[in-house]
Amino acid sequence: MHRLLLTIIGTISAGLILTAILIAILLPKILKAMGLHPEYDAGQKYDLQGKKALVVTTSHGVLSKPGETTGKPTGVFGSEMTVPYYEFLDAGMQVDVASIKGGEIPIDPQSFYYFLITDEDKRFLKDSAFQNKVKNSLSIDEVDFTDYDLIFFVGGWGPSYDFAQSERLAEQVSAAYYAGTPIMGSVCHGALAFVSAKDAAGKSLIAGRKMTGVTQGQLDFFGIKFTPKHPEAELKKAEADFRANHHPVADVFATVTIVDHEQRFVTGQNQNSGHETAQKMMELLSQRSAK
């Protein structure tokens, strides 16, 4: 009887271990099937040689609670930087990389976990030129946003700490808008770059504009509620016309890309909108260039 019991327990344990191994192996495909990092089937190959793009990121690299300076490492979410960068680069554009403070850009180490990493992340890890730009990023004080055709604001937890809080970033966004040239875009927390920008009358630049960013419900899924700025709340405070997509089962993967009525702002809900947001920015630029 004792031997039989041990045999049953051993068989069950082996089955559980085998199941766990299979789930771990298949996890990237399971997440992909649920909606993580979807392909953008409508994507096109653009020729934008001679045009310039600027990718702007956070400089904050600690997931700290209010009043604290320590916490888990964070920063930009890898794919939210690598996907638009390569979309623009592969279209022949000059792509510069800037951050709030300049210098090395913090990348959330979780971005490159085996079940989250994208093909663009893997390309970045072999791309010494891009890595050099990330290690020696320009400060937003060193660049003139009006010199660029496209400006993309990267998300991740880091922007929650330094995008909406940066007066200089708000000034640069407003200047870029009134220059009439740059098309600005973002995904996820990157939309916080717009919430402090003012129009010529001193009012919110994005008041009444259709925009999106990661929803409060999607943030709640991760259980991290202490970050200082949340995109949905801040966009609404700035009087943007907040839009978002939802899914009854896998809401954390639900996403949408929104173009405002002037076709100056293209915002994606989260990391799943990276390809589409960059593609729509290039589509608008191509249409403008053809006129």
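See the structure printed just above.
Below you will find a few notes about this structure. (Residues numbered from 1 in each chain as written. Predicted model: local features only at pLDDT ≥ 70, side-chain atom pairs only at ≥ 80, totals over all residues. Heavy atoms only, no water.)

1. Observations concerning the overall build of the chain
Rules: Helix and strand definitions follow DSSP, with helices as H or I runs of at least four residues and strands as E runs of at least two, each counted in order from the N terminus. For the radius of gyration, the atom set is restricted to C-alpha positions; the globular benchmark scales as 2.2 Å times the number of residues to the power 0.38. For each residue, the accessible area found with a 1.4 Å probe, counting protein chains only, is set against the maximum for its type, and the residue is called buried under 20%, exposed over 50%, and partly exposed in between. In what follows, a contact means two residues having at least one pair of non-hydrogen atoms within 4.5 Å. Residue exposure ignores everything except the shown protein chains as possible cover, and the areas themselves are Shrake-Rupley values with a 1.4 Å probe. Only four residue types enter the tally: Lys and Arg on the positive side, Asp and Glu on the negative side; His and the chain ends are excluded. All charge positions are set by atom: Lys at NZ, Arg at CZ, Asp at CG, Glu at CD.
A tally of helices and strands in the chain yields nine helices and eleven strands. Radius of gyration (C-alpha) of the chain: 21 Å, near the 19 Å computed for a compact globule of 291 residues. A total of 291 residues make up the chain; the buried ones form 49% of that total. Considering only contacts within the chain whose residues lie at least 6 apart along the sequence, 78% involve residues at least 24 apart. Summed over all atoms, the accessible surface of the chain reaches about 14,000 Å², with 56% contributed by carbon and sulfur. Once the 28 positive and 33 negative side-chain charges of the chain are each reduced to a mean point, those two points are 3 Å apart.

2. Focus: helix α1 (residues 2-34)
What counts is decided by this rule: Bend is the name given here to the angle between axes fitted to two runs of seven residues, the run ending at a residue and the run starting at it.
Helix geometry: α1 is bent most strongly at L26, by close to 55 degrees, with proline P28 lying one to four residues after it. Note on α1: the residue one or two positions beyond its end, G35, has a positive phi of about 125 degrees.

3. So, the sheet that holds strand β5 (residues 138-139)
Our working definition: Strand pairing is assigned whenever DSSP detects at least two bridges linking the two strands.
Taken in spatial order, the seven strands of this open sheet run β5-β4-β1-β6-β7-β11-β10, and their pairing is mixed. Two strands lie at the open edges of the sheet, namely β5 and β10 (257-259), each paired on one side alone. The pairing of strand β7 (residues 183-187) with strand β11 (residues 265-268) spans four bridges and is parallel. When the bridges of β11 are listed, S186 appears paired with T267.

4. What to know about the packing of helix α2 (residues 78-90) against helix α9 (residues 274-290)
Note the threshold: For helices, the fitted axis covers only the stretch in contact; all axes are lines through C-alpha atoms, and the angles between them, taken along N-to-C directions, range from 0 to 180 degrees. With the far helix as reference, a near helix turned anticlockwise by less than a right angle produces a left-handed crossing, and one turned clockwise produces a right-handed crossing. Ten residue types, Ala, Val, Leu, Ile, Met, Phe, Trp, Tyr, Cys and Pro, are classed as nonpolar, four, Asp, Glu, Lys and Arg, as charged, and the remainder, Gly among them, as polar.
Direction vectors running N to C along α2 and α9 enclose 35 degrees, while the axes themselves pass 8 Å from each other. Crossing handedness for the pair α2 and α9: right-handed. Counting all contacts with α2, which are made through V83, P84, E87 and F88, the residues of α9 involved are G274, H275, A278, Q279, M281 and M282. Its residues assigned to classes, the contact of α2 with α9 comprises six nonpolar, three polar and one charged.

5. Focus: the side chain of S273
What counts is decided by this rule: Contacts described as polar in this section are N or O atom pairs within 3.5 Å, which, within protein, must combine one atom able to donate a hydrogen with one able to accept it, while residues neighboring in sequence count only if both atoms come from side chains.
When you line up the elements, S273 lands in the loop between β11 and α9. Polar contacts involving the side chain of S273 include one to the side chain of T255, which spans 2.4 Å. Contact partners of S273, with chain neighbours within four places excluded, come to V187, T255, V256, T257 and G268.

6. What to know about the packing of aromatic side chains
What counts is decided by this rule: Each aromatic pair joins two rings of Phe, Tyr and Trp (for Trp, the six-membered one) with centres within 6.5 Å, and gets the label stacked for planes under 30 degrees apart, edge-to-face for over 60, and tilted for any other angle.
Across all of its chains, the model carries 16 aromatic pairs by this definition. Each ring, one from Y85 and one from Y86, has its centre 5.2 Å from the other, and the planes form 85 degrees; the classification is edge-to-face. Judged by its relative accessible area of 2%, Y86 is buried. Taking the centre distance of 5.1 Å and the plane angle of 85 degrees together, the rings of F194 and F265 count as edge-to-face. A residue pair is termed long-range when its members are at least 10 positions apart, and F194 in the loop between β7 and β8 (210-211) and F265 in strand β11 qualify at 71 residues. Looking at F194, the relative accessible area reads 0%, which means it is buried. Residue classification places F265 among the buried positions, given a relative accessible area of 0%. An aromatic cluster is defined as three or more aromatic residues linked by ring pairs; in this entry it consists of F145, F153, F163, Y177, Y178, F194 and F265.

7. Brief notes about helix α6 (residues 167-179)
Convention followed: Helices are assigned an expected span. That span is 1.5 Å times one less than the residue count.
Over its 13 residues, α6 extends 18 Å from the first C-alpha to the last, a length consistent with the 18 Å expected when each residue adds 1.5 Å. All of the buried residues along α6 are L169, A170, Q172, V173, S174, A176 and Y177. Considering only its buried residues, α6 is in contact with β1 (52-57), β6 (150-153), β7 and β11. Directly beyond the C-terminal end of α6, a positive phi value near 80 degrees is found at G180.

8. Side note on the pattern of salt bridges
Note the threshold: What counts as a salt bridge is simple: a side-chain nitrogen of Lys or Arg found within 4 Å of a carboxyl oxygen of Asp or Glu.
Per the stated rule, a full pass over the model turns up ten salt bridges. Linking D141 and R168 is a salt bridge whose minimum nitrogen-to-oxygen distance equals 3.2 Å. Placement of the pair is D141 in the loop between β5 and β6 and R168 in helix α6, with a sequence separation of 27 residues. On the basis of relative accessibility, which here comes to 52%, the residue D141 falls in the exposed class.

9. Overview of the pairing of strand β4 (residues 94-99)
Most of β4 is tucked away: five of the six residues are buried. Across six bridges, β1 lies against β4 in parallel orientation. Bridge assignment links V56 to a residue of β4, and that residue is A98. Where β4 lies against β5, two bridges are found, and the strand directions are parallel. The residue bridging S99 from the neighbouring strand is S139, located in β5.

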